[in-house]
Amino acid sequence: MIYTDTRDSSVKVTFKQAVMGGMNPATGGLYMPLSFPKLESCLLNKDPAPSFRDVAFNMAKPYVEGEIPDNDLVSLIQDAYPFQPKIVPLDSISYVLELFHGPTCAFKDFGARFMARAMSYFNKSEDTPLHILVATSGDTGSAVGSAFHGVSGLDVTILYPDGKISPLQEKQLSTFTGNVRALKVKGTFDDCQKLVKTAFTDDELRKKLRLSSANSINIARLLPQSFYYMYASLVVRNRCALDNKISNPSIIMVVPSGNFGNLTSGLIAKEMGAPIAGFTAATNSNRTIPDWIATGDYNARPSVETFANAMDVGAPSNYERIKAMYTLETVRSLFASYWQNNEGIIAGIKSCNDKTGYIIDPHGAIGWSAWNDIRNGAMEQLMNGQKNDFNVPGLTPNVPVWAQAVKDKKAVGIILETASPAKFGSIVKDAIGKEPPMPSRLGQVMRLPDMAVSMENDYNMFKDWLLANR
Ligand SMILES: *Cc1c(COP(=O)(O)O)cnc(C)c1O
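Owing to the predicted nature of the structure, the values given are computational and were not obtained by experimental measurement.

### What to know about the sheet that holds strand 6 (residues 130-135)
Taken in spatial order, the 5 strands line up as 9-6-7-8-15 in an open sheet, and their pairing is parallel. Only two strands of the sheet have a single neighbouring strand rather than two, namely strand 9 (211-213) and strand 15 (453-455). Here the average twist between neighbouring strands, direction ignored, is 30°. The pairing of strand 6 with strand 9 spans 3 bridges and is classified as parallel. Pairing of H131 across the sheet is with L211, part of strand 9. Lying on the sheet, helix 5 (residues 108-123) is in contact with strand 6, strand 7 (154-161) and strand 9; it crosses strand 7 at an angle near 145°. With respect to the sheet, helix 8 (residues 189-200) is in contact with strand 6, strand 7, strand 8 (180-185) and strand 9, its orientation differing from that of strand 6 by roughly 150°.

Have a look at this one:
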C-alpha cells in the first residue's frame, strides 16, 4: 500500500515510512492510505461472522502488503490481541461495544498494541533506538506505555497535563520504569500536544534523536481500530434476526470522540465494506466538530475540562483526515453530531443504569445519551424542521441519510464503550450511588510508586530534558 499526505497529495511513502515517521515533518500533514480496499464478500457475508482475529488479519493485510509477510502478520495480531471486543445488548435495538478488555482497560489498547508491534518489527534492522513522544489527555499514555514497555530498541516519553487527569489514569502512566518515562506538564493537553508537534518540526533535535509519534496521528494506531467496527457490525447484523427481527438493519455506530481518531477508523471500516449506515459523533463541551458540522466553520479552540476528560480536545487532530476523506456535505449526510455538558454526562450514566441496568463510563454515557435521544424522537424532530439550537446540548441540526431508518424503526445503535467505568469510579458513584467493580489489573497499578517528572510548559526546557535523558 502507498500512503499519501493530507496536505500534499504528491507525497508517496510506504507503510514502514508512515509508521516510523508518524507525521510528515516537511508539511505537518498526516499520512493516509491511497485506497481502502473492500474486504472480500465471502468474509462480509459469513454467518456466523468471522472471528475478531480473522477480521483483523484480513483488514490489515492490504495495508502492509509487501512489507510484512502473512505469517509475521498473523503472529503480530495474535501477540497484539490476547483479548477481544465484547458486544453486550442493552435492549432490543441498542448494543454496547466494550472496547476495554485490554491491559489498560480502554480502547486505545487496540491501536497502541498493534502500533508497538509494527514499530518493533520495522526497527529490528536499526542500531539506534527510536524515540516515541506521546501527548495524552487520559488513556493514550497508559495504552502506549503498556504496549511499548520492555520492547527493546524503543524509548517512550509520555507528556500529560498535570492535575487534569484522574488519579487512576495518572497511576497508569506514571508508574512505568525503564524505557517508558512520564512528564507531567504545567499546562493543558493542547499544550502537551504542541510541545510534541514542535519537537517533530525541530530539525536540530531530529538530527540527534530518531523521533516518532504514538498519538492517534500515527496511521498504525488508526488502521487497527477499524477492525472492531467491522467485527461488531458483522456480528450485530447477523444477530439482529434473533434480537429484534429487523432484517438488514441500518447500523449506527455511536462514537464518544475527542481527537476523532476512533471515528476516523470507523470511516475506514465503512469504506472497506462494513455494513454501517452511519455514525453519531458524541462529544463533551469541547464542541469543535459539532459546531463545524452545524455551521460549516471550523474553529479550533482551547480545551475545557469535563468529566469525560479523555475527550477534552479543542483542536481534534483527525479533523484533517476527515476533511481529506469527505466534503462537509458528505459528513453531514453520514454523521449525526451531538454534544453534552457535565450535567448531561451524569444524567446519561444514570439514565443508562435506570433503563438497562448497565453501568457505563462518562465517555460512553455521552454516546448512550445521543443514541437514546435519537431513537426517542430527537431525530424525528430534526426531520420535521424543528431545528435544534446547536448551542444547547444535544444534536446539531443536520439530518443524516439514515434518519428515515430511525423513524421507521429499522436502525440499531452500537455505542462504543471506550473505557471501563471503573476508571472513573467517583463520577459513576455521583451518578448512580455506587462504584463499579474494579478489575484486578487496575487495582494492582494503584500500589506502584509514581515516577513522573515535572515539566514547565516551555519548549526549550522540554528539548533540553529530552537531550539530557536519551
Ligand atoms: C481517547 C479516548 C476517547 C477519544 O478517542 P479519539 O480517538 O481521540 O476521538 C474517548 N474515550 C476514551 C475513554 C478515550 O480514552
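Additional details are given in the paragraphs that follow.
### Concerning the packing of aromatic side chains
Per the counting criterion, the structure on display carries 18 aromatic pairs. Measuring from centroid to centroid gives 5.0 Å for F110 and Y228, while their planes differ by 65°, and the two rings are edge-to-face. Placement of the pair is F110 in helix 5 and Y228 in helix 10 (residues 219-243), with a sequence separation of 118 residues. Looking at F110, the relative accessible area reads 0%, which means it is buried. On the accessibility criterion, Y228 (0% relative accessible area) is buried. The cationic tip of R287 hangs over the ring face of W339; the distance from NZ or CZ to the ring centre is 4.5 Å.

### Notes on the pairing of strand 8
Across the 6 residues of strand 8, 6 count as buried, placing the element largely inside the fold. Pairing analysis gives 6 bridges linking strand 7 to strand 8, with the strands arranged parallel. In the sheet register, T157 faces strand 8, and the bridge partner there is R181. Once you follow strand 7 into helix 7 (residues 167-174) and on to strand 8, the crossover reads as right-handed. Bridge count between strand 8 and strand 15: 3 bridges; the pairing is parallel. Among the inter-strand pairings, L183 is bridged to a residue of strand 15, identified as V453.

### Focus: the pattern of salt bridges
Per the counting criterion, the structure on display carries 13 salt bridges. Residue R7 pairs with E320 through a salt bridge whose shortest N-O separation is 2.7 Å. Here the residue R7 occupies a position in the loop between strand 1 (3-5) and strand 2 (8-13), and E320 occupies one in helix 13 (residues 319-325), the gap between them amounting to 313 residues. The shortest N-O distance in the salt bridge between D202 and K463 comes to 2.9 Å. Taken together, the residues D202 in the loop between helix 8 and helix 9 (203-208) and K463 in helix 20 (residues 459-468) connect sequence positions 261 residues apart. As far as the burial class goes, D202 and K463 line up, both buried. Where salt bridges share partners, they join D202, E204, K208 and K463 into one cluster.

### Section: the nonpolar core
Judged by nonpolar contacts, the single largest core of 102 residues is most densely connected at F15, F148, M253 and F279. Counting residues per element, this core draws most heavily on helix 10, at 14 residues. Apart from the residues within four sequence positions on either side, M253 is in contact with Y229, A232, S233, I276, G278, F279, T280, I414 and L416. Counting 36 residues, the second largest nonpolar core, distinct from the first, contains I252, Y338, C352 and M379.

### Points about the pairing of strand 6
Extensive coverage of strand 6 is indicated by the burial of 6 of its 6 residues. Of the two faces of strand 6, the one carrying L130, I132 and V134 and the one carrying H131, L133 and A135 are both buried. Here strand 6 pairs with strand 7 via 6 bridges, running parallel. Across the sheet, residue L133 finds its bridge partner in strand 7, namely T157.

### As for the packing of helix 3 (residues 52-64) against helix 4 (residues 70-80)
Contact pair helix 3 / helix 4: the axes reach a minimum separation of 10 Å and the direction vectors enclose 130°. When the axes of helix 3 and helix 4 are compared, the pair comes out oblique. Relative to helix 4, the crossing made by helix 3 is right-handed. Every residue of helix 4 that contacts helix 3 at R53, A56, F57, A60, K61 and V64 is listed here: D70, L73, V74, I77 and Q78. In the contact of helix 3 with helix 4, the residues fall into 7 nonpolar, 1 polar and 3 charged.

### Structural notes on the sheet that holds strand 3 (residues 31-33)
Reading across the sheet, the 3 strands line up as 2-1-3 and stay open at both edges, with antiparallel pairing between neighbours. Of all the strands in the sheet, just strand 2 and strand 3 have a single pairing partner and so form its edges. On average, each strand axis in the sheet is tilted by 40° relative to the strand beside it, whichever way the strands run. Two strands pair when backbone bridges link them, and strand 1 and strand 3 are joined in this way by 3 bridges, in the antiparallel orientation. Among the inter-strand pairings, D5 is bridged to a residue of strand 3, identified as Y31. Against the sheet, helix 10 makes contact with strand 1 and strand 3, and its axis sits at roughly 40° relative to strand 3, the strand it touches most.

Quick notes on the rules
Residues numbered from 1 in each chain as written. Predicted model: local features only at pLDDT ≥ 70, side-chain atom pairs only at ≥ 80, totals over all residues. Heavy atoms only, no water. Pairing = 2+ DSSP bridges. Helix = DSSP H or I, 4+ residues; strand = E, 2+ residues; numbered from the N terminus. Axes fitted to C-alpha atoms, helices over the stretch in contact; angles between N-to-C directions. Contact = heavy atoms within 4.5 Å. Phe/Tyr/Trp six-rings, centres within 6.5 Å; stacked < 30°, edge-to-face > 60°. Buried < 20%, exposed > 50% of the residue type's maximum accessible area, 1.4 Å probe, protein only. Lys NZ or Arg CZ within 6 Å of the ring centre and 35° of its normal. Right-handed = clockwise from strand over helix to strand, strands pointing away. Salt bridge = Lys/Arg side-chain N within 4 Å of Asp/Glu carboxyl O. Core = buried A, V, L, I, M, F, W, Y, C linked by side-chain atoms within 4.5 Å. Parallel < 35°, antiparallel > 145°, perpendicular 65-115°, else oblique. Left-handed = near helix turned anticlockwise from the far one by under 90°. Nonpolar A, V, L, I, M, F, W, Y, C, P; charged D, E, K, R; others polar.

The analysis is restricted to geometry; functional conclusions fall outside its scope.
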